[in-house]
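The chain contents come next:
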Amino acid sequence: MNLNTQKILKKRKPHIGFLHGSISLIGAIILSYLIMMVFSKYMPGDYAVKIIPSIIITPILISITGLWLLFSHTIILSLIKFLVSTILLSILIKVFS
Amino acid sequence: MILENKYIKSLKISHTYLGIFAIFFFYISTFFGTLTVFKPYIATWESPSKHFQVIDKSKINLDIMITKGLKELNNPTNNVTITYPSLTEKALGMRYGFSENVYINPHTNNVLPTNHESQLLSNFFNKMHYDINMSKVGQFLMGITSIVMIFLTISGIYLWLLNRKKRAVISNFWLRWHKDLSLLMLPYIIVFSLTGAVLGIMLSLSSPFAYSASNGIETNMSKIVRPIIFSNPVKIKSENVKATMLSYSRLYDIAKINYPILNISTISLFNWNDKNARIVFRGNLINNRILTSRTNRMNIVLNGETGEVVSKATLDNTHKVSHALSAFYFFHFITDEGILVRLIYLITGIIFAIGLVFGLFVWIEKKIKKENNSYFNIISKISTAFSIGIIPATAFTLCLYWLFPFNLENRDSWIIGGFYSMWSFTFCYSVYKKDSIDAAKDFFYLNAIFLISTVFLHGNTTNLFLWNSFEQSIWDIFYIDLFLLILGIGSAFFAIKMNKIKFLNKFKGY
């Protein structure tokens, strides 16, 4: 990673920039889907009980996870939050099948 | 402290820019959604063949009407659906499978001549509401907008709570009203943004949940969920043995005796004239309309030959998710509600739309102060055309509907084309006029001309003027015409008085 990229990722800006915002937006959609996929997988009951709540809750969750990612000090921190959560949720979905 | 300020600043920026994106789509959706609340009434008003009184249920002769309808449909014996006359659909409707509906006048028991009646207006308004007449792309955009609205709601509440904590006083006129109206309309916003997100985007993007729930076996949500929540009450095959059926009115009475709280809205026939004939009476429960709305209808199944009760769906033996979905959709569609609830939705829709526009004005005012260049502020012009220009464009559509003859070739295209042309004109006119308030004034004049013309054109085409519908007690048609006339006169009055309304001076220079 060159110095310039490192600067962008670690710099504490007075406001949140376009890259940070975009990461939050895309990250929020992916994370919300993963969280509700975990819910759908482990929720006891028939397919209606497993799937319908996920369809309804995901749009709300996108906003909440979006804010969580947006409220990060730096871009790198926002990326770490996103990547760690993604890995953990993916393990829950794929490994314990 | 610095970080906290940074977050608040970012939240405000996100709220502003996502808000600008969402306002245009959600405003259109709210405007046409508010009109769609009256869809059943508009559908009757635009069908001249249905200009008759609502019938007293005790006077309905099911035997004659269903026999006539079946004959018109070439006597099908399976999958026949009959829509029972109600306040919102005055005629008895009948279809076979996915065939076109045949309508029967319950007063005369004759088949209605609905050849050229397509319910264009009510369907067009509905389409503008859920996909801005852009099919899948529009539906997807509306879905995204609804998700953005949820974000705006959460971030808006957060910002409001922060302001309350700081005891900050909001001096900006637009911001204060945007905040107050949005908070007042909070339940309305939550209901419509959440149902909009689910219907617009989430149902079609639900494959990952189906994949995960089925451990990678199935990705089609509908395939695995539908059989659970929309179970078919009739799963019986024909015996191919002829039998004499009980009369429809007798079967209706048996259903009412065995299920008195069922408000019957549709009747279905299966294996008719066969030993295994079934008749299904579906509807909502009189004492629980929320849990038995359009996605969770209760039913009673009778044997067509003997009238014996085969099965009965009650709230106790239907799926809990169906109850939840029913309640979820109830507040969006209000299918079984009367005029009072629909009028409340009209008022809340108008308040919410005003709240949205005020939100946009917070930004426009800020921009104009910063750049000091109001004439070329294109957003200001677009917002005038979007928020006010859409009103005469819609009135023009109503006017064209009654102006063009019903047998005109490509009639639908001419009318919808007229709507878009008028809407484009309002935008050009907003740009042409230096002051948006002057453009708005002319739009209200135009609106008045179109609405008043519509009432007279409707009377002229159907030979049912306002005074005729009053004399003949056709109240739904009378009230729609009266409403349009009052709206037209009110619009002209508002345009005349606009310059004298102090509040509107705030718009000067935009």
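Refer to the structure above for everything that follows.
Residues numbered from 1 in each chain as written. Chains lettered and ligands numbered in written order. Predicted model: local features only at pLDDT ≥ 70, side-chain atom pairs only at ≥ 80, totals over all residues. Heavy atoms only, no water.

1. A closer look at the overall build of chain A
Link 1 in the chain: Assigned secondary structure in chain A consists of 4 helices and 0 strands.
Link 2 in the chain: Seen in sequence order, chain A has helices and strands lined up from the N terminus as α-α-α-α.
Link 3 in the chain: Burial analysis of chain A (97 residues in total) assigns 44% to the buried set.
Link 4 in the chain: For chain A, the share of sequence-separated contacts (at least 6 apart) that also reach a separation of at least 24 residues comes to 73%.
Link 5 in the chain: Accessible area of chain A: about 5,200 Å², with a carbon and sulfur share of 78%. (Helix = DSSP H or I, 4+ residues; strand = E, 2+ residues; numbered from the N terminus. Buried < 20%, exposed > 50% of the residue type's maximum accessible area, 1.4 Å probe, protein only. Contact = heavy atoms within 4.5 Å. Areas by Shrake-Rupley, 256 points an atom, 1.4 Å probe, with all protein chains shown as cover.)

2. Quick look at the packing of helix α3 (residues 47–70) of chain A against helix α5 (residues 135–166) of chain B
Link 1 in the chain: Close contact between α3(A) and α5(B) brings their axes to 9 Å; oriented N to C, the two are set at 55°. In terms of axis orientation, α3(A) runs oblique to α5(B). Where α3(A) crosses over α5(B), the two elements pack in a sense that is right-handed. Residues A:Pro59, A:Ile60, A:Ile62, A:Ser63, A:Ile64 and A:Leu67 of α3(A) form the contact with α5(B), whose participating residues are B:Ile147, B:Ile150, B:Phe151 and B:Ile154.
Link 2 in the chain: Taken together, the residues of the contact of α3(A) with α5(B) sort by class into 9 nonpolar, 1 polar and no charged. (Axes fitted to C-alpha atoms, helices over the stretch in contact; angles between N-to-C directions. Parallel < 35°, antiparallel > 145°, perpendicular 65-115°, else oblique. Left-handed = near helix turned anticlockwise from the far one by under 90°. Nonpolar A, V, L, I, M, F, W, Y, C, P; charged D, E, K, R; others polar.)

3. Topic: the sheet that holds strand β4 (residues 262–270) of chain B
Note: strands within a sheet are paired through backbone hydrogen bonds, in either parallel or antiparallel orientation.
Residue and element names in this part refer to chain B.
Link 1 in the chain: An order of β3-β2-β1-β4-β5-β6-β7 is seen for the 7 strands of this open sheet, with the pairing classed as antiparallel. Looking at strand neighbours, the two that pair on one side only are β3 (102–104) and β7 (309–313), the edges of this open sheet. For this sheet, the mean angle separating the axes of adjacent strands, direction not counted, is 20°.
Link 2 in the chain: The sheet contact formed by strand β1 (residues 80–83) and β4 spans 4 bridges and is antiparallel. Among the inter-strand pairings, Thr81 is bridged to a residue of β4, identified as Ser268.
Link 3 in the chain: Each of β1, β2 (92–96), β3 and β4 is contacted by helix α3 (residues 62–72), which is oriented at about 40° to β2, the strand it contacts most. (Pairing = 2+ DSSP bridges.)

4. As for the interface of chain B and chain A
Link 1 in the chain: Opposite the 35 residues of chain B that make contact, chain A presents 33 residues.
Link 2 in the chain: Both faces combined, the contact of chain B with chain A buries some 3,200 Å², and carbon together with sulfur accounts for 77% of it.
Link 3 in the chain: For the chain B face of the interface with chain A, the top three residues by lost area are B:Lys6, B:Tyr7 and B:Phe209, together amounting to 21%.
Link 4 in the chain: Counting across the interface, chain B meets chain A through 0 salt bridges.
Link 5 in the chain: Across the side of chain B that touches chain A, the residue classes tally to 27 nonpolar, 7 polar and 1 charged. (Buried area = accessible area lost by both parts, 1.4 Å probe. Salt bridge = Lys/Arg side-chain N within 4 Å of Asp/Glu carboxyl O.)

5. Here we look at helix α10 (residues 248–258) of chain B
Link 1 in the chain: Within α10(B), burial applies to B:Tyr248, B:Leu251, B:Tyr252, B:Ile254 and B:Ala255. Buried residues of α10(B) fall within an arc of 160° about the axis and therefore sit on the same side. (Arc of directions from axis to C-beta.)

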